[in-house]
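What follows is each chain in one-letter form.
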There are 2 protein chains.
Amino acid sequence: MRLRVDLLPGREYPDVVILVDVLRATTAAPIVLEKTGLFVTPSLRAARAFGSARSLLVAGERDGLPPEGFNYSASPDDLRRARFERDVVLTTENGPRALAQVVGARHVLLGSFYNARAVTEVALRLATEEISLVCAGMRGEEAIEDIVCAGFLSRRIEKLAPVEVRERVRLSQALLRAYADPLEALAQSASGALLMKLGLFEDLAVASLISHSSAVPRLASTEEHEGHPVYAFEDANRAPAVGAP
Amino acid sequence: MRLRVDLLPGREYPDVVILVDVLRATTAAPIVLEKTGLFVTPSLRAARAFGSARSLLVAGERDGLPPEGFNYSASPDDLRRARFERDVVLTTENGPRALAQVVGARHVLLGSFYNARAVTEVALRLATEEISLVCAGMRGEEAIEDIVCAGFLSRRIEKLAPVEVRERVRLSQALLRAYADPLEALAQSASGALLMKLGLFEDLAVASLISHSSAVPRLASTEEHEGHPVYAFEDANRAPAVGAP
């Protein structure tokens, strides 16, 4: 089994991808999916239209803040306290765009510190040849918090199974070592700095919690809505296991 | 003044670029340039043909070893001990290819641990708006040793002048912190592992020496030879300073 880390999305993925966008899409996703159904889209317009067509709740952010008319922001802290009466469609700036670059993989999972144990266990259960930890980055640039989280997840996977690793796995684990804890890395990142400027320090605190959720968002299907992809997720820890007897 | 780090070459560079390929092109380059003239090309064939047309010594490597008929390898350790009677044309796998992606910059310098003090001082003397530390990487993938060296050079520059930095500068400095010293980072890298397998441990030792050379290779001109670029370098610390009175 090969274990890979990509600092940005950018190649063909044959088997299992864990997409990592710690601030905030892949932290928010398991929080929502614990309580209700989840759709993700890169487009504000598609989120509004799809939400209205299906009577969904709409959650998301642009520049860290919820767009007009949205029911929720993308704040993990807010979403943790919310009680959803309907399914949710989520749109954020980086995670959904990165999703478009990995949909070719056999399985696409969303991972973060928040569901670290669960997502690594599911990845190992599903993978037959390769697990790729793919960092979403921020506006096309590498993001510290995603690489540090990939370091954390890759270290867990290495402990659980014999895997063949390449240099970037070591790079991500070295970056992890450079910080006293995940919160310190989040605070040094550009996304983290933006959230702190907006007073959303609690989001960093929630995003640095480790293995607080056993929900593992797995891409179930993709449909087009108003010219944009809308991705439907299921919880791989509750859905029937692929290949189960 | 902006200070940038790119983990791989990949955008437009308006002002000063320090290209970093620690193992081994940008460590070998100041070593050669201290003693004689230096040309660099990505092509084996162009190196041979250009070397023969100009009666140059030919140095380089493929997979860590000198190609047939070459006078020297790209080993910094060998090149340190060599006495060159003629100018040298150098070809290696990653550095010269990265060079092709940064030639648009106003000034292109080659930097490494080996000429750290000199290259950062020259960069600050030449720059008017931006210094970009561009990591060459290895076969299109990010290389630990180049990022760690960019962290080292960026920290020096930050100490010498007020600069505006972005997230990847912090990332490279954090990666630097993760290692006890440059040699440890070099040993963990894919290029370093290859050189150690070839018994070239001394190359890692030389490449991790700090500020042993005051030579600063600066791109002086580019010409085509047999369909490939050949880059001519001068020592920016000995050439007349640009803009000097």
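Keep in mind that this is a model prediction, so the values were computed, not measured. (Residues numbered from 1 in each chain as written. Chains lettered and ligands numbered in written order. Predicted model: local features only at pLDDT ≥ 70, side-chain atom pairs only at ≥ 80, totals over all residues. Heavy atoms only, no water.)

Some details on the interface of chain A and chain B
To keep things clear, this is the line we draw: Contacts: residue pairs with any heavy atoms within 4.5 Å of one another. Two parts placed together each lose some accessible area under a 1.4 Å probe, and the buried area is that loss summed for both. The rule for a salt bridge is simple: a side-chain nitrogen of Lys or Arg has to be within 4 Å of a carboxyl oxygen of Asp or Glu. In protein, a polar contact requires one atom able to donate a hydrogen and another able to accept it; more generally it is a pair of N or O atoms within 3.5 Å, and residues adjacent in sequence count only if both atoms are side-chain atoms. What counts as a helix is a DSSP run of H or I of at least four residues, what counts as a strand is a run of E of at least two, and both are numbered from the N terminus.
Counting residues at the interface gives 20 residues for chain A and 21 residues for chain B. Taking both partners together, chain A and chain B bury about 1900 Å²; carbon and sulfur atoms supply 50% of that area. If you look at where chain A meets chain B, you find six salt bridges. The salt bridge partner of Arg168(A) is Glu141(B), with a shortest N-O separation of 3.2 Å. The interface formed by chain A and chain B contains 12 residue pairs in polar contact (both at pLDDT 80 or more). Taken together, the elements giving at least two residues each to the side of chain A that touches chain B come down to helix 6 (144-160) and helix 7 (167-177) of chain A.

So, the confidence of the model for chain A
Short version of the rule: pLDDT is a per-residue confidence score from the predictor, ranging from 0 to 100.
Chain-level statistics for chain A give a pLDDT mean of 95 and a share of 97% at 70 or above. Overall fold confidence for the complex sits at a pTM of 0.94, while the interface term, ipTM, reaches 0.91.

Description of the relation of the copies chain A and chain B
We count it as follows: The fit set for superposing copies consists of C-alpha atoms from residues with pLDDT of at least 70 in both; the fit itself is least squares.
When chain A is fitted to chain B, the best match, at an RMSD of 0.0 Å, comes from turning it 180 degrees and sliding it 0.0 Å along the axis. Within this description, the copies of the chain are treated as partners about a two-fold rotation axis.

Side note on the packing of helix 5 (residues 116-126) of chain A against helix 6 of chain A
Residue and element names in this part refer to chain A. Put simply, the test is: A fitted line through C-alpha atoms serves as each axis, taken over the contacting stretch for helices, and the angle formed by two N-to-C directions is quoted from 0 to 180°. Working definition: roughly parallel below 35 degrees, roughly antiparallel above 145 degrees, roughly perpendicular at 65 to 115 degrees, and oblique for all remaining angles. Crossing handedness: left-handed means the near helix sits turned counterclockwise from the far one by under a right angle, and right-handed means the same turn made clockwise. Polarity classes work like this: nonpolar for Ala, Val, Leu, Ile, Met, Phe, Trp, Tyr, Cys and Pro, charged for Asp, Glu, Lys and Arg, and polar for all others, with Gly in that last group.
Between helix 5 and helix 6, whose axes approach to 10 Å, the crossing angle comes to 50 degrees. Compared by their axis directions, helix 5 and helix 6 come out oblique. For helix 5 against helix 6, the interelement crossing comes out right-handed. Here helix 5 contributes Ala-116, Arg-117, Val-119, Thr-120, Glu-121 and Leu-124 to the contact with helix 6, which in turn contributes Phe-152, Leu-153, Arg-156, Ile-157 and Leu-160. Partitioning the contact of helix 5 with helix 6 into residue classes produces seven nonpolar, one polar and three charged.

Observations concerning the pairing of strand 10 (residues 228-235) of chain A
Look at any regular strand and the pattern is simple: side chains alternate between the two faces of the sheet. All names here are of chain A. Convention followed: Here the term buried applies to any residue with accessible area under 20% of the maximum for its type, exposed to any over 50%, and partly exposed to those in between, with areas from a 1.4 Å probe on protein chains only. Pairs of strands are assigned from DSSP output, requiring at least two bridges between the strands.
Of all eight residues that make up strand 10, six are buried, and the element is covered over most of its length. Bridging between strand 3 (residues 38-40) and strand 10 involves three bridges; their strand directions are antiparallel. Bridge pairing links Phe-39 to Ala-232 in strand 10. Note that strand 9 (residues 217-225) and strand 10 share eight bridges and pair antiparallel. Note that in strand 10 the partner of Pro-217 across the bridge is Asp-235.

A word on the environment of Ala220(A)
All names here are of chain A. Of note, Ala-220 is situated in strand 9. In this structure, the C-alpha to C-alpha distance between Ala-220 and Val-108, residues 112 residues apart in sequence, is 8.6 Å. Setting aside its immediate chain neighbours within four residues, Ala-220 contacts Ala-232, Phe-233 and Glu-234.

So, the pattern of salt bridges
A side chain with one charge can pair with a side chain of the opposite charge if their charged atoms come near. Using the criterion set out here, one finds 40 salt bridges over all chains in the structure. Here Glu141(A) ties to Arg166(B) by a salt bridge, and the two come within 3.2 Å at their closest N and O atoms. Placement of the pair is Glu141(A) in the loop between strand 7 (130-135) and helix 6 and Arg166(B) in the loop between strand 8 (164-165) and helix 7 (167-177), with the two residues belonging to separate chains. You can call Arg166(B) partly exposed: its relative accessible area is 40%. A salt bridge links Glu158(B) to Arg170(B), with the shortest nitrogen-to-oxygen separation between them at 3.1 Å.

Brief notes about the side chain of Asn94(A)
Residues and elements named next belong to chain A. Position of Asn-94 among the secondary structure elements: in the loop between strand 5 (88-91) and helix 4 (95-100). Residue class for Asn-94 comes out buried when judged on its relative accessible area of 13%. Aside from chain neighbours lying at most four places away, what touches Asn-94 is Asp-21, Ala-136, Gly-137, Met-138 and Arg-139.

Section: helix 9 (residues 190-197) of chain A
Residues and elements named next belong to chain A. Which entries qualify depends on this criterion: Regarding the arc, it is the one traced by the directions from the helix axis to the C-beta atoms.
Taken together, the buried positions of helix 9 are occupied by Ser-191, Gly-192 and Leu-195. Seen along its axis, helix 9 keeps its buried residues to an arc of 100 degrees; they face one direction. Contacts made by the buried residues of helix 9 are with helix 6, helix 8 (182-188) and helix 10 (201-207). Directly after helix 9, the chain includes Gly-199, whose backbone phi takes a positive value near 80 degrees.

A look at the state of the cysteines
For clarity, the cut-off: Cysteine sulfur atoms are paired as a disulfide whenever they come within 2.5 Å of each other.
Scanning the model with the defined rule gives zero disulfides over all chains in all. Cys135(A) carries a free sulfur, and the closest cysteine sulfur to it, the one in Cys149(A), is 8.0 Å from it.

Description of helix 6 (residues 144-160) of chain B
Residue and element names in this part refer to chain B. Convention followed: One less than the number of residues in a helix, times 1.5 Å, gives the span that helix is expected to have.
Across its 17 residues, helix 6 extends 25 Å between first and last C-alpha, which sits within 8% of the 24 Å expected from 1.5 Å per residue. Here helix 6 lies mainly inside the structure; 12 of its 17 residues are buried. What helix 6 keeps buried is the set Ile-144, Glu-145, Asp-146, Ile-147, Val-148, Cys-149, Ala-150, Gly-151, Phe-152, Leu-153, Ser-154 and Ile-157.

Thoughts on the layout of surface pockets
Any space left empty among the atoms is revealed by the rolling of a water-sized probe across them. Heads up, the condition is: In this analysis a 1.4 Å probe is tested at points of a 1 Å grid over the protein atoms alone, and where it fits but cannot get out there is a cavity; an open set with protein on both sides within 12 Å along at least five of seven lines is a pocket; lining residues have an atom within 4 Å of a point. Grid points are joined across faces, edges and corners, and a volume is the space filled by probe spheres set on the points.
For the largest pocket, the calculated volume is near 230 Å³. Looking at the largest pocket, it is lined by 14 residues, and the ones nearest its centre are Leu8(A), Arg168(A), Leu8(B), Gly140(B) and Glu142(B). Of the residues in the lining of the largest pocket, the class split is four nonpolar, two polar and eight charged.

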